[in-house]
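# Coordinate inspection notes
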Amino acid sequence: MKKIWSVALVLLMLVTLNVLAVQAEEEEEVSLYEMLNPPTPTPDPNATPSPEPSPVPTATPLIQADGSVHVTITAVGDVTIGRNVQHSGTSIFEKELNKQDGDINFIFRNVKEIFEADDLTIANFEGVLADEYSIPSNKRENSYLFLAPTSYVEALSSNSVEAVTMENNHVGDFGDAGIASTIATMEKAGIVWSNKGNMGVYEVQGVKIAMLAYQTLNQPITSQELKHVVADDIAKAKETCDLVIVSFHWGNELDYSPRDNQVMLGRAAIDSGADLVLGHHSHRINPIECYKDKYIVYSLANCSFAGNNKPSDMFTFIFQTRFKIKDGEITDNSFRIIPCRISSRKDYNDFAITPLTEQSNITTVLDTMRKNSKSLDYAVESYPLEWD
């Protein structure tokens, strides 16, 4: 009889504990909807109304202890996404996109936090965003014509790429209609764009940044003539803006160092008042000059490049510079680079730019830039990987 009562007592204790546990679980259970949409309390008609909160100002400058403002700018090279319409079948980019479950954001997944942490990220967008197209007669023999649907602009807008340059040798792959579609798509997505006829302007931290863009490829004017055009445009930009960035699509493909006309144009832009010069087109990393305390980045190489799934050189870098501005004047600017591969994989290009972690690869990038800077009078002495 005692044994029976003992068993019954144990069962009663187990049931009691189980009920308490269920009650505890029920008390803690809150639906996601309830968390995101808490019930609005019924207002007390006799209560004294609270004052309306003051609106929080947007883009409020973060003033440093010395009264200055710091503006951090990130620059990356060629962003060429989508397909080459001269090739039939599923493109290499579309195949990789399918592997990524159709999420176009995969190309910046490994650098998004870098882009989000700055004040402005600028890229060279080399291609066309359009849902319909026709190939102009003068382009039909081209080996590469890059096209992406307009929805792919999300790769920029969702990953903190605020601005693009659109003065390059592929933005016109589908004629004026392709250019117009790309511009409209960028504007709808809130992305600032610049080309030879349009100055992009972006304001952050109370600082207005002008972006000018040019190319030297198959142009009706010489580099010497272009120098004067650039000087005039910089002068106009400085009338209304605090910083002026000049981008050039220049040089020869596969070059690891700049040609004489690039050096002339880059320094002339600084002489005319530019605060930063950015270059691209060679698909290869080039050295950096510090000329009159301003930086000339001769080639940012590729960023996300859909033209080849096994390029012979997949190294690149992200360039960052930080301007210190006080009373409307630049009092200091420093830079760092983030050595990267244009792919998260070593065996093939999956179009996802990725910071390097192996020291041997980082050293290769740094050594390449130092080696090819020997002919530059104002080459930077070192390539810091961290901020001073």
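All of the points below concern the structure found in this document.

This brings us to the overall build of the chain. A tally of regular secondary structure across the chain gives nine helices and 17 strands. Looking at the chain as a whole, 49% of its 388 residues qualify as buried. In the chain, 71% of the contacts between residues at least 6 apart in sequence involve partners at least 24 apart. With the model as given, the accessible surface of the chain reaches about 20300 Å², and the carbon-plus-sulfur share is 51%.

It is worth spelling out the side chain of glutamate 289 at this point. Looking at the secondary structure, you find glutamate 289 in strand β12 (residues 288–291). A distance of 3.1 Å separates a polar side-chain atom of glutamate 289 from the backbone nitrogen of tyrosine 378. Setting aside its immediate chain neighbours within four residues, glutamate 289 contacts Val263, Arg267, Lys294, Tyr295, Ile296, Tyr298, Leu376, Asp377, Tyr378, Ala379 and Val380.

Time to look at the environment of asparagine 142. Inspection of the secondary structure puts asparagine 142 in the loop between β4 (128–129) and β5 (146–148). Take asparagine 142: its relative accessible area is 29%, and that puts it in the partly exposed class. Through-space distance from the C-alpha of asparagine 142 to that of glutamine 86 is 7.9 Å; in sequence the pair is 56 residues apart.

A complete count under the given rule lists 12 salt bridges for this structure. The partner of lysine 346 in a salt bridge is glutamate 358, and the shortest N-O contact between them spans 2.6 Å. A residue pair is termed long-range when its members are at least 10 positions apart, and lysine 346 in the loop between β16 (329–341) and β17 (354–355) and glutamate 358 in the loop between β17 and α9 (359–371) qualify at 12 residues. For lysine 346, a relative accessible area of 53% translates into the label exposed.

The space that makes up the largest pocket amounts to roughly 500 Å³. In terms of lining residues, the largest pocket is bounded by 20 residues, among which Lys139, Asn168, Asn169, Gln215 and Gln219 are the most central. Along the lines of polarity and charge, the residues of the lining of the largest pocket split into six nonpolar, 10 polar and four charged. The volume enclosed by the second largest pocket comes to roughly 280 Å³. Lining of the second largest pocket is provided by 16 residues; of these, Tyr144, Glu253, His283, Phe305 and Asn308 occupy positions nearest its centre. For the lining of the second largest pocket, the per-class residue count stands at five nonpolar, seven polar and four charged.

Quick notes on the rules
Residues numbered from 1 in each chain as written. Predicted model: local features only at pLDDT ≥ 70, side-chain atom pairs only at ≥ 80, totals over all residues. Heavy atoms only, no water. Helix = DSSP H or I, 4+ residues; strand = E, 2+ residues; numbered from the N terminus. Buried < 20%, exposed > 50% of the residue type's maximum accessible area, 1.4 Å probe, protein only. Contact = heavy atoms within 4.5 Å. Areas by Shrake-Rupley, 256 points an atom, 1.4 Å probe, with all protein chains shown as cover. Polar contact = N/O pair within 3.5 Å; in protein donor to acceptor, adjacent residues only side chain to side chain. Salt bridge = Lys/Arg side-chain N within 4 Å of Asp/Glu carboxyl O. 1 Å grid on protein atoms, 1.4 Å probe; cavity = no way out; pocket = protein on both sides within 12 Å on 5 of 7 lines; lining within 4 Å. Points joined across faces, edges and corners; volume = space filled by probe spheres on them. Nonpolar A, V, L, I, M, F, W, Y, C, P; charged D, E, K, R; others polar.

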